[in-house]
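Coordinates in review
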2 protein chains.
Amino acid sequence: MAKYSVLGTRQSRVDALDKVTGTAIYAADINLPDMLYGKVLRSPYAHANICRLDVSKARALKGVEAVITVDDVPGQKAGREFYSNYPCMARHKVVFAGQPVAVVAAMNQDIARKALELIEVDYEILTPVTDVVEAMKPDAPIIHPHQQANLNLASKAEEGSAPSNVAWHKEFGRGDVDAGFKKADIVLENTFRTQRVHQGYLEPRAAVASVGLGGRITIWTDSQSIFRVREFCAAFLDLPVSKIRVMPVEIGGAFGAKTPQLLSPICALLSLKSGRPVKIVMTREEDLITNHPAPDSTITIKVGADKEGHLIAVSATVIFDKGAFTERPSSMAAAVNGLSPYVIPNLKVDCYDVFTNKTPTGSYRAPSATQGAFATESQMDLLARALGIDPLELRLRNVASEGDLMLTASRFPRVGFKETLEKMKQYLSTRGKPEGENRGRGIACGFWMGGVGCTSAHVNVNADGTVALVLGVVDLTGSRTSLAQIAAEEFGIPFEGVTVVSGDTDTAPHSDVTVGSRTTHEMGAAVCRACQDAKDQLIQHAALLLKMKPSELVFANGGVGVAGVPDKFISLADLAKSAISGPGGGPVTGRGSVGTPQQTPMFVAHTADVEVDRETGKVRIVSYVAAQDVGFAINPTLIEGQIQGAVSQGIGWAIMEGYALHEGIIQNPTLLDYRLPTSLDLPSVDTLIVEVKSTTGPYGVRGVGEPPIVPCLATIANAVHSATGVRMRDLPMTPEAVFWALQGKGNSAKEELKRDSMGAADCS
Amino acid sequence: MAKYSVLGTRQSRVDALDKVTGTAIYAADINLPDMLYGKVLRSPYAHANICRLDVSKARALKGVEAVITVDDVPGQKAGREFYSNYPCMARHKVVFAGQPVAVVAAMNQDIARKALELIEVDYEILTPVTDVVEAMKPDAPIIHPHQQANLNLASKAEEGSAPSNVAWHKEFGRGDVDAGFKKADIVLENTFRTQRVHQGYLEPRAAVASVGLGGRITIWTDSQSIFRVREFCAAFLDLPVSKIRVMPVEIGGAFGAKTPQLLSPICALLSLKSGRPVKIVMTREEDLITNHPAPDSTITIKVGADKEGHLIAVSATVIFDKGAFTERPSSMAAAVNGLSPYVIPNLKVDCYDVFTNKTPTGSYRAPSATQGAFATESQMDLLARALGIDPLELRLRNVASEGDLMLTASRFPRVGFKETLEKMKQYLSTRGKPEGENRGRGIACGFWMGGVGCTSAHVNVNADGTVALVLGVVDLTGSRTSLAQIAAEEFGIPFEGVTVVSGDTDTAPHSDVTVGSRTTHEMGAAVCRACQDAKDQLIQHAALLLKMKPSELVFANGGVGVAGVPDKFISLADLAKSAISGPGGGPVTGRGSVGTPQQTPMFVAHTADVEVDRETGKVRIVSYVAAQDVGFAINPTLIEGQIQGAVSQGIGWAIMEGYALHEGIIQNPTLLDYRLPTSLDLPSVDTLIVEVKSTTGPYGVRGVGEPPIVPCLATIANAVHSATGVRMRDLPMTPEAVFWALQGKGNSAKEELKRDSMGAADCS
């Protein structure tokens, strides 16, 4: 490995001080003179026709400056439809409880609330469709009569096609699964279900918009891409993107939820209508009701293997409950991410994305992969038990590696799955087995395909040799810090010499959305290119000063010189100052862009030791260890933080969280009732960093953020099985659910009986 | 001339709407939560020792959060001295009335004022030195005992050198003036004096500073360079530049005055001390007292010529009264700019910059050139009268053109002086001579060497084919509009497709100060380079899409294609969108930098018709015409506006403005007593645009802003002479001064008698 000065070191996050001292600015912190406050009237019903909507009394209320309904949306008037990336304002009917019906802007929050009360809506209540299986039946009430399956999700039904609640359907596979299952020594089939969960970010949704200079609209909001906000608001308002400026603010957690813009388009519209700045901040309750959670999944998976545990055939039916709107299918991603880790000669997958009368769902950290892995990795555990093979060993026998076919039909580049499993194996070999009654150990693996998008970066070299890195990408996870480390390394200056600047949509070059663990991997490459562009200029300038050819000079040791000739050297600071103050090429500013690159797969392997209280059903995570191939660790501290954070979320999903719904209406929209894990619920999480360099990322980096949530659900379910002999197939594994499963009741328990009859062995 | 679509058109200023509707944001419009208000305690005396300074009572006042004196300045503690670009805080003694002695920051302005009253200062009053002639005498009181002449202006005296009030002294010349004068048929010598005048901007000085994110300081202030503010504040606070971020705000006029930072460094220091945002806004009175006006000048000029009016020799003594501090000599610039328009074989100039106990002076539109031209162009008029030659014709006989030696010893590049004079001559030939009693016509010329500095620009191409131009240069005169025209032309898109973004010191690439009519000339070149860089990338991307070589493609007609092959064409918008959404080079962002380039001389010729009321001495400008070589007129409307604005200022300087000083203390620091011209005082100003392309600027542009003030003083003095037969050698030509001159009293009148004895002829 090359010797680096700043890369690989444990720098503190550049945003740490501001965040812990409370000086960091979030969208809700923005206050402007004469600012109005917006409030959203939301449907109390999951499915109803709107027979009458009268906003006249609200409009007439003193202090109300604007009231809008779907008919006021310029983009809708221009013929566009807005789905789950937008506020989904109701037209004629409401299709989920919490759907916006009207929005007001008033002088203060009290008047805004009063105005909402004055809006008159007559609803004709319709039967809500809340269960995917029911929703898929031919005679089910149709949520979107003009929508049809297997078309562009935003398009209307073609004439004559049968309306359906199936938003999307696809079958895919390879080989011959029927022949495969016939050849297999063992065939297991199970159905696994995950619940919808909130992304659990700290900061509720907020937006401030101000119609201002030159008739342009300036927006501050929580998002995963300022450029995506600009694009969404421009479409909603039917304006060119150049009329909108989106400013950077700190984001209090996103995890996939903050790409959709549920507030900024209506906030901007209210500002346009009123001519004044407008702020809307969701209450925690509103946020829990209306933000787009991870979709519920039902996955039936059948595996066939030989006696040694080699997979021969896999078939699966994947059904995702998308709620009332969707713009992108989820079910296939669950299959691809769930099944990719293993070599599977014969495969058949049937995928469904289904509409129900629930809040539209969205992305949550490694979206779909976590649900997919719960099914696959639970099933792998059951297979290991059935065959009496150590579950880690079973995975090693099926491990996918470089050159193997992925589910996308292309082949794996260099990946570190095997190395990650080996590292976990070695770690476990140093620890005893979990001891004590009702204790057990589970292992599971996770895969993430990697998000992609374009990026670009500017780097401005200051006269004192410090540099400013100007980025338009949203930092959710500490990426500013790792990107600053890259720039410092590239210029050979200390970490403190780099200022990372979050530009806005005017000042920063374009970058795509912060998703899919792509930021450091792709923006890192753009930063490298920008630095190289600047260094090329510095070499040109040094050549002028030293009266040499640029080709005779190199950038090294924080300046430009001739290798091995100390007196032919000019420091970065001297060069930058000279470029600014004298003749030559002028100020040094570099640019770097990267187009949509190749995906870079990532693998993890987790182990949990749990203890189950048989009297209460409570699962306690005794210890947890997560191994991950990160390619190259730019900042081990940040990586460990990402892993530990993801595991915390995975534990919540596995044993605590979940929406309680009644007729599609959320019953627990508070953090008292929607139980997120606290530090008291969480174990210390040990991390094992594996570095098998990627072929695509700068210095061989891979993405880090998504993969460590992927195996958590199965890891814990497998551990609970190890501790109790009971297989939990439905999540969450709350004390109540585990208690009843231990009593032989509930779906999980029933399936367990089925499994038991097949003669599994506890291998922990 | 090439055919352009956007260049040469009369686009409205991009900032027009915001400014006329009052939505534009200036520094004083910035309000932050918990903001404090700063006030400056200023010396009431022009020259005094500070025997005691006690701020303890002010510090103890409730609501006062910070009090600073010179001893609190970190940069001063670090051994730096701060002169006229800085707040010049008093140490041990005060050297001008208005000098800051202490500064407070308090919860509101009332408390701040009260705190100032509680500061106790014991002064020992010293004799103020207020006259340059007195100041230069060997026995004059020495203002800076540790300062010596002819050294770096900021350095202390070397041991043993004699202290002096002469800050700077230089002699230069060429040929043999004594021999020249002997050869001359006529020799004239006169002394001309100009008064100190305020730059007359609308917006008084203001600054807001906030210690914020990551311990960095954010500053909003009126300035001519955000990067210079950063540099000044960093030095004052002894911090690296990367710890300071200077934001763009609109500037309400600057004209050279707003490069020095009289508020932002102390505002930033108060914020550092208090930990809270601080705002300081000067009252109009404070601004008139303490801002650095144009220096007073005394120029004695002797010219020798042959009978045909060809100049043979010129000698001059140039004395500038710089006030209490200076960082840059002025006197030589007056000589260079004043004498450059003409071919002068023998020349000798003696230049002095002198300290007095007055407010430090600064730059004012074409600094020093206007004072120099007043002497030269008055003297040329007197020469024409003495020889009976038409004054325009006399200038044509001496006109400098390409290849002639400049006073800087290099040679003129292509210039349009002759063409400008010819255009004026042709214009005058279509108009009759001024008719009526006491009416007369004056003509004078002006020269401006051109300011220089480095610049750089970024251009971001949006997915819809609009572009954002990111600049770090301050727009004082409409430069955003002309630069947007350049970008639109370069990309072949409409003017509206370009958004010009004023970046801050973090997001924008470095650009030097907006001075010397350099911005469009130099930034225009940087913008062209940035556009070219982006177009090169677009060609690369088009080559990928069209499966062709980049060398086969050209950027034309708003896209990339093959010349003459319409189906091999991709529009800018399609290319930009494809670059962002697909594989390839990624988002398109261009950068362009320009190092300090060659100066580009500019010439103007003005004519005024005036009427003088012999009973009151009041001079009325009947008509005014200004001809100017602009190289290439990007936006004729903006150029006309610049010319008309400059002439308005020149008229104020010539006949109205001036500080009334008593013992160095300003007696008229209000706009009632300091009389600026209003629209009722001003004539309509006709403009004649001449386009002799420069060899340096993009499309041949030259600077525009400075030159049209240069000849105004002499134009009007020459017209007054034409109207009355009286030569005004001292400014301003107020009614009172003209009245007494008409009565044969006063310096001007005395000199006039001398001239009359030489037998001048009225040539109008």
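The structure this text deals with has already been given above.
In what follows, the accompanying structure is described. None of these values were measured; they are calculated from a predicted model. (Residues numbered from 1 in each chain as written. Chains lettered and ligands numbered in written order. Predicted model: local features only at pLDDT ≥ 70, side-chain atom pairs only at ≥ 80, totals over all residues. Heavy atoms only, no water.)

1. Focus: the overall build of chain A
- Summing up its helical and strand segments, chain A has 20 helices and 28 strands in all.
- Against the 2.2 N^0.38 benchmark of 27 Å for 764 residues, chain A shows a C-alpha radius of gyration of 27 Å, consistent with a compact globule.
- Its C-alpha atoms put chain A at 85 × 70 × 50 Å along the principal axes.
- Intrachain contacts of chain A at a sequence separation of at least 6 include 79% that bridge at least 24 residues.
- Across chain A, the 75 positively charged side chains and the 82 negatively charged ones have centroids separated by 2 Å. (Helix = DSSP H or I, 4+ residues; strand = E, 2+ residues; numbered from the N terminus. Rg over C-alpha atoms; globule rule 2.2 N^0.38 Å. Contact = heavy atoms within 4.5 Å. Lys, Arg positive; Asp, Glu negative; His and termini not counted. Charge placed at Lys NZ, Arg CZ, Asp CG, Glu CD.)

2. Looking at the packing of aromatic side chains
- This structure, assessed with the given rule, holds 40 aromatic pairs over all chains.
- Geometrically, the ring pair formed by B:Phe447 and B:Phe603 is tilted, given 4.9 Å between the ring centres and 50 degrees between the ring planes. Taken together, the residues span a long stretch of sequence, with B:Phe447 in strand S16 (residues 439-448) and B:Phe603 in strand S24 (residues 602-612) at a distance of 156 residues. Residues B:Phe447 and B:Phe603 agree in their burial class; the two are buried.
- Of the aromatic side chains, those joined through ring pairs into one cluster are A:Tyr342, A:Phe412, A:Phe417, A:Phe447 and A:Phe603.
- Above the face of the A:Phe632 ring, A:Lys693 is positioned so that its terminal group lies 5.8 Å from the ring centre. (Phe/Tyr/Trp six-rings, centres within 6.5 Å; stacked < 30°, edge-to-face > 60°. Buried < 20%, exposed > 50% of the residue type's maximum accessible area, 1.4 Å probe, protein only. Lys NZ or Arg CZ within 6 Å of the ring centre and 35° of its normal.)

3. A word on the interface of chain A and chain B
- In this assembly, 48 residues from chain A lie in contact with 48 residues from chain B.
- The contact between chain A and chain B buries some 3500 Å² in all, and 53% of this surface belongs to carbon and sulfur atoms.
- At the boundary of chain A and chain B, one finds 2 salt bridges.
- Across the chain A-chain B interface, the total number found is 15 residue pairs in polar contact (both at pLDDT 80 or more).
- Sorting the residues of the side of chain A that touches chain B by element identifies strand S17 (455-461), strand S18 (467-471), strand S19 (498-502), helix H15 (519-546), helix H16 (572-581) and strand S23 (589-594) of chain A as the ones contributing at least two each.
- Looking at the side of chain A that touches chain B, the element that brings in the most residues is S23(A), giving 5 residues.
- Of the residues assigned to the side of chain A that touches chain B, the class counts are 15 nonpolar, 25 polar and 8 charged. (Buried area = accessible area lost by both parts, 1.4 Å probe. Salt bridge = Lys/Arg side-chain N within 4 Å of Asp/Glu carboxyl O. Polar contact = N/O pair within 3.5 Å; in protein donor to acceptor, adjacent residues only side chain to side chain. Nonpolar A, V, L, I, M, F, W, Y, C, P; charged D, E, K, R; others polar.)

4. Things to note about the packing of helix H11 (residues 369-387) of chain B against helix H12 (residues 391-398) of chain B
Residues and elements named next belong to chain B.
- At their nearest, the axes of H11 and H12 sit 9 Å apart, and the two run at 110 degrees to each other. What the angle tells us is that H11 and H12 run roughly perpendicular. Packed against H11, whose contacting residues are Glu 377, Met 380, Asp 381, Leu 383 and Ala 384, the element H12 presents Pro 391, Leu 394, Arg 395 and Asn 398 at the interface.
- For the contact of H11 with H12, the class distribution of residues is 5 nonpolar, 1 polar and 3 charged. (Axes fitted to C-alpha atoms, helices over the stretch in contact; angles between N-to-C directions. Parallel < 35°, antiparallel > 145°, perpendicular 65-115°, else oblique.)

5. Here we look at the sheet that holds strand S25 (residues 619-629) of chain A
Residues and elements named next belong to chain A.
- The 4 strands lie next to each other as S16-S24-S25-S28, forming an open sheet whose pairing is mixed. Each having just a single partner strand, strand S16 (439-448) and strand S28 (685-690) make up the two edges of the open sheet. Across this sheet, the average inter-strand angle for adjacent strands is 15 degrees, counted without regard to direction.
- One ladder, built from 9 bridges, connects strand S24 (residues 602-612) with S25; its direction is antiparallel. Within the sheet, the bridge partner assigned to Val 612 lies in S25 and is Val 619. (Pairing = 2+ DSSP bridges.)

6. Some remarks on the relation of the copies chain A and chain B
- For the pair chain A and chain B, the best superposition has an RMSD of 0.0 Å and corresponds to a rotation of 180 degrees with a translation of 0.0 Å parallel to the axis. The transformation just described matches what one would write down for a two-fold rotation axis. Proximity to the rotation axis, assessed at the C-alpha, singles out A:Thr507 in chain A; its C-alpha lies 3.1 Å from the axis.
- An overlap of 100% is found between the interface residues of chain A and their copies at the interface of chain B, pointing to a shared contact surface. (Least-squares fit on C-alpha atoms with pLDDT ≥ 70 in both.)

7. Observations regarding the pattern of salt bridges
Residue and element names in this part refer to chain A.
- Inspection of the entire model under this criterion finds 94 salt bridges over all chains.
- Across the salt bridge formed by Arg 480 and Glu 250, the nearest N and O atoms sit 2.9 Å from each other. Taken together, the residues span a long stretch of sequence, with Arg 480 in helix H14 (residues 479-491) and Glu 250 in the loop between strand S11 (244-247) and helix H8 (264-274) at a distance of 230 residues. A single burial state applies to Arg 480 and to Glu 250, both of which are buried.

8. Remarks on H12(B)
All names here are of chain B.
- Most of H12 is tucked away: 6 of the 8 residues are buried.
- Within H12, burial applies to Pro 391, Leu 392, Leu 394, Arg 395, Leu 396 and Asn 398.
- Each element contacted by the buried residues of H12 is listed here: strand S14 (311-323), H11, helix H13 (417-429), S16 and helix H18 (712-724).
- You can read the cap of H12 off the contacts: a side-chain oxygen lies 2.9 Å from the backbone nitrogen of Leu 392, and it is on Asp 390.

9. Structural notes on unusual backbone geometry
- With omega at -5 degrees, the peptide bond leading from A:Leu731 into A:Pro732 counts as cis.
- Within the secondary structure layout, A:Pro732 lies in the loop between helix H18 (712-724) and helix H19 (735-742).
- The backbone of B:Cys88 sits at a positive phi, close to 50 degrees, despite the residue not being glycine.
- Within the secondary structure layout, B:Cys88 lies in the loop between helix H3 (74-77) and strand S4 (93-94).
- A relative accessible area of 3% means that B:Cys88 is categorised as buried.
- Within the chain, B:Lys547 stands out as a residue other than glycine whose phi angle is a positive 55 degrees.
- Tracing the backbone shows B:Lys547 in the loop between helix H15 (519-546) and strand S20 (554-556).

10. Quick notes on the pairing of strand S5 (residues 100-106) of chain B
All names here are of chain B.
- The element S5 is largely enclosed, with a buried count of 7 among its 7 residues.
- The pairing of strand S1 (residues 36-42) with S5 spans 6 bridges and is classified as antiparallel. Across the sheet, the residue bridging to Leu 41 is Ala 102, located in S5.
- In this sheet, S5 lies alongside strand S3 (residues 64-68) in antiparallel orientation, the contact comprising 4 bridges. Each residue of the ladder has a partner; that of Val 64, found in S5, is Ala 106.

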